[in-house]
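What the coordinates show
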Amino acid sequence: MSNNRRAIIAGNWKMHKTTAETRVFLQSLLSELGPQPPEAEVVVCPPFTSLEAAREVIKGTFVQLGAQNMHWQSHGAFTGEISPGMLIELGVTHVILGHSERRQYFAERDEAVARKLEAALLAGLTPIVCVGETLEEREGGLTDNVVIVQVQRCLHGRTPEEVSRVVFAYEPIWAIGTGKTCDAAEANRVCGVLRDTIARMTDDHTAQTVRIQYGGSVKSDTIADQMAQANIDGALVGGASLEASSFATIARLGRPE
Ligand code: PGA
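Residues numbered from 1 in each chain as written. Predicted model: local features only at pLDDT ≥ 70, side-chain atom pairs only at ≥ 80, totals over all residues. Heavy atoms only, no water.

**With respect to the site of the ligand**
To keep it simple, the criterion reads: One heavy atom suffices: a residue is near a molecule or strand as soon as one of its heavy atoms comes within 4 Å of it. Nitrogen and oxygen atoms within 3.5 Å of one another constitute a polar contact, given that in protein one can donate a hydrogen and the other can accept it, and given that sequence-neighbouring residues count only through two side-chain atoms. For the accessible areas, the method is Shrake-Rupley and the probe is 1.4 Å, while residue cover comes only from the protein chains on display. Each residue gets one label: Ala, Val, Leu, Ile, Met, Phe, Trp, Tyr, Cys and Pro are nonpolar, Asp, Glu, Lys and Arg are charged, and the others, such as Gly, are polar.
Taken together, 13 residues lie around the ligand, and Lys 14, His 99, Glu 171, Gly 177 and Ser 217 are the ones closest in. One of the side-chain N or O atoms of Glu 171 is found 2.7 Å from an oxygen atom in the ligand. Within the backbone of Gly 239, one N or O atom sits 2.8 Å away from an oxygen atom of the ligand. When isolated, the ligand has an accessible area of 280 Å², and the protein chains bury 96% of it. Its residues assigned to classes, the shell around the ligand shows 4 nonpolar, 7 polar and 2 charged.

**Details of the packing of aromatic side chains**
Applied cut-off: Think of it this way: a Phe, Tyr or Trp ring, Trp meaning its six-membered ring, pairs with another when their centres are within 6.5 Å, and the plane angle makes it stacked under 30 degrees, edge-to-face over 60, tilted otherwise. In DSSP terms, a helix is any run of H or I states spanning at least four residues, a strand is any run of E spanning at least two, and both are numbered starting from the N terminus. Three exposure classes are used, based on accessible area relative to the maximum for each residue type with a 1.4 Å probe and protein chains only: buried under 20%, partly exposed in between, and exposed over 50%. Whether a charge sits over a ring comes down to the Lys NZ or Arg CZ being within 6 Å of the ring centre and within 35 degrees of the ring normal.
With the rule as written, the count across this model stands at 2 aromatic pairs. Relative to Phe 25, the ring of Trp 13 lies with its centre 5.1 Å away and its plane at 85°, an arrangement referred to as edge-to-face. Pair noted here: Trp 13 is in the loop between strand E1 (8–12) and helix H1 (19–33) and Phe 25 is in helix H1, with a separation of 12 residues, a long-range link. What makes Trp 13 buried here is its relative accessible area of 0%. A relative accessible area of 6% means that Phe 25 is categorised as buried. The ring of Trp 13 has Lys 17 sitting right over it, with the charged end atom 5.8 Å from the ring centre. Over the aromatic face of Phe 106 sits the side chain of Arg 102, whose NZ or CZ is 4.2 Å from the ring centroid.

**As for unusual backbone geometry**
Of note, the phi angle at Lys 14 is positive, near 55°, even though the residue is not glycine. We note that Ala 107 has phi near 55°; this positive angle belongs to a residue other than glycine. By the element assignment, Ala 107 lies in the loop between helix H4 (100–105) and helix H5 (110–123). Using a relative accessible area of 62% as the deciding quantity, one classes Ala 107 as exposed.

**Here's the deal with H1**
Condition: Expected helix span is computed as 1.5 Å times (number of residues minus one). Within this analysis, the arc is defined by the directions that extend from the helix axis to the C-beta atoms.
In this model, H1 (15 residues) spans 21 Å end to end at C-alpha, consistent with the 21 Å of a helix rising 1.5 Å per residue. Turning to H1, its buried residues are Thr 22, Phe 25, Leu 26, Leu 29, Leu 30 and Leu 33. Down the axis of H1, the smallest arc covering the buried residues is 135°, so these residues share one side. Exposed and facing more than 90 degrees away from the buried side of H1 are Val 24 and Ser 31.

**Re the pattern of salt bridges**
Definition in use: Any carboxyl oxygen of Asp or Glu that lies within 4 Å of a side-chain nitrogen of Lys or Arg is treated as forming a salt bridge with it.
Scanning all chains against the criterion turns up 19 salt bridges. Of the charged contacts in the structure, one is a salt bridge between Arg 102 and Glu 108, with a shortest N-O distance of 3.2 Å. The exposure class of Glu 108 is buried, given its relative accessible area of 8%. Counted as one network, the salt bridges with shared partners bring together Glu 133, Arg 138, Asp 144, Glu 186 and Arg 189.

**Details of the packing of H1 against helix H2 (residues 51–58)**
Rules: Orientation is described by axes fitted as lines to C-alpha atoms, over the contacting stretch for helices, and by angles from 0 to 180 degrees between their N-to-C directions. Every angle not falling under 35 degrees, over 145, or within 65 to 115 is termed oblique; those three ranges are roughly parallel, roughly antiparallel and roughly perpendicular. Helix crossings fall into two classes, left-handed where the near helix is turned counterclockwise from the far one by less than a right angle and right-handed where it is turned clockwise. We call two residues in contact whenever any of their non-hydrogen atoms come within 4.5 Å of each other.
Closest axis-to-axis distance for the H1/H2 pair is 9 Å, and the angle between their directions is 25°. By the angle between their axes, H1 is roughly parallel relative to H2. Crossing hand, H1 versus H2: right-handed. Between H1 and H2, the contacting residues are Thr 19, Thr 22, Arg 23, Leu 26, Gln 27 and Leu 30 on the first element and Ala 53, Ala 54, Glu 56, Val 57 and Ile 58 on the second. Classifying every residue of the contact of H1 with H2 by side-chain character gives 6 nonpolar, 3 polar and 2 charged.

**Considering the sheet that holds strand E8 (residues 234–237)**
Strand pairing in a sheet relies on backbone hydrogen bonds. The paired strands run either parallel or antiparallel. Our working rule: Here a strand pair is declared whenever DSSP counts at least two bridges between the two strands.
Taken together, the 8 strands give a closed barrel; going around it, the order is E1-E2-E3-E4-E5-E6-E7-E8, and neighbouring strands pair in parallel fashion. Each neighbouring strand pair of the sheet contributes to a mean axis angle of 25°, computed without reference to strand direction. Across 5 bridges, E1 lies against strand E2 (residues 41–45) in parallel orientation. Residue pairing across strands places Gly 11 opposite Val 44, the latter belonging to E2. Lying over the sheet, helix H9 (residues 184–201) contacts strand E5 (126–131), strand E6 (167–170) and strand E7 (211–215), oriented at roughly 140° with respect to E6.

**Quick look at helix H7 (residues 143–155)**
In this model H7 runs 18 Å from its N-terminal to its C-terminal C-alpha over 13 residues, within 8% of the 18 Å that 1.5 Å per residue would give. When H7 is considered as a whole, its buried residues turn out to be Thr 143, Val 146, Val 147, Ile 148, Gln 150, Val 151, Cys 154 and Leu 155. Positive phi appears at Gly 157, one or two residues downstream of H7, with a value of about 85°.

The values are spatial; any link to function lies outside them.
And the structure:
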């Protein structure tokens, strides 16, 4: 991690935890973390149904609230969808966009991610935009091409000022939920490819401002290695974010209390 970018650790709960479970979990996370704000920005992203409960528990603390998805329109006939304004009303500050599970199971494409990104920025939300290759693409030597095209399509039409507010998450799909973490040096290399792509689309200063997380089987014992890499500014954490003590360790970037 570079000194002038603040690390950001986000927990992606996926479809886990009811409102009751959310309250219990966040109380124990807050006691694990203690009152002192960690060096990293800490964000939890519960399911939509738990956002209100989460807000009540983390109110007045340094833990921030994120959503896992949203629609790009402000309102309308979009059954089952949630708008940026609805999230903001619940105290949400961050939103994960284009997660590979959304792309894989809900046919979400870069064009939709780009529209969501634009809407999130307009609403003042911090988007966490996920990109990453499949195992087949990696084995075919296509990793760099895949992530370059994803970044280009998602950032299409955005100004440098807008881009500077985006957080990217490099999440190799083969590393998600598999326990197979991407080698830290290789993850750093791909995050560097992302940063170069951002620089070509904007300018060097903007590219140096953008924070890039690594995601994919991040655990309390892998985070320190990952954070030691120059181009990795944090983590998007799935499985290990569901357990208070492991997520607290990751939020402290692997350092002891
Ligand atoms: P994982 O998930 O940490 O369980 O691999 C990461 C993610 O999907 O964001």
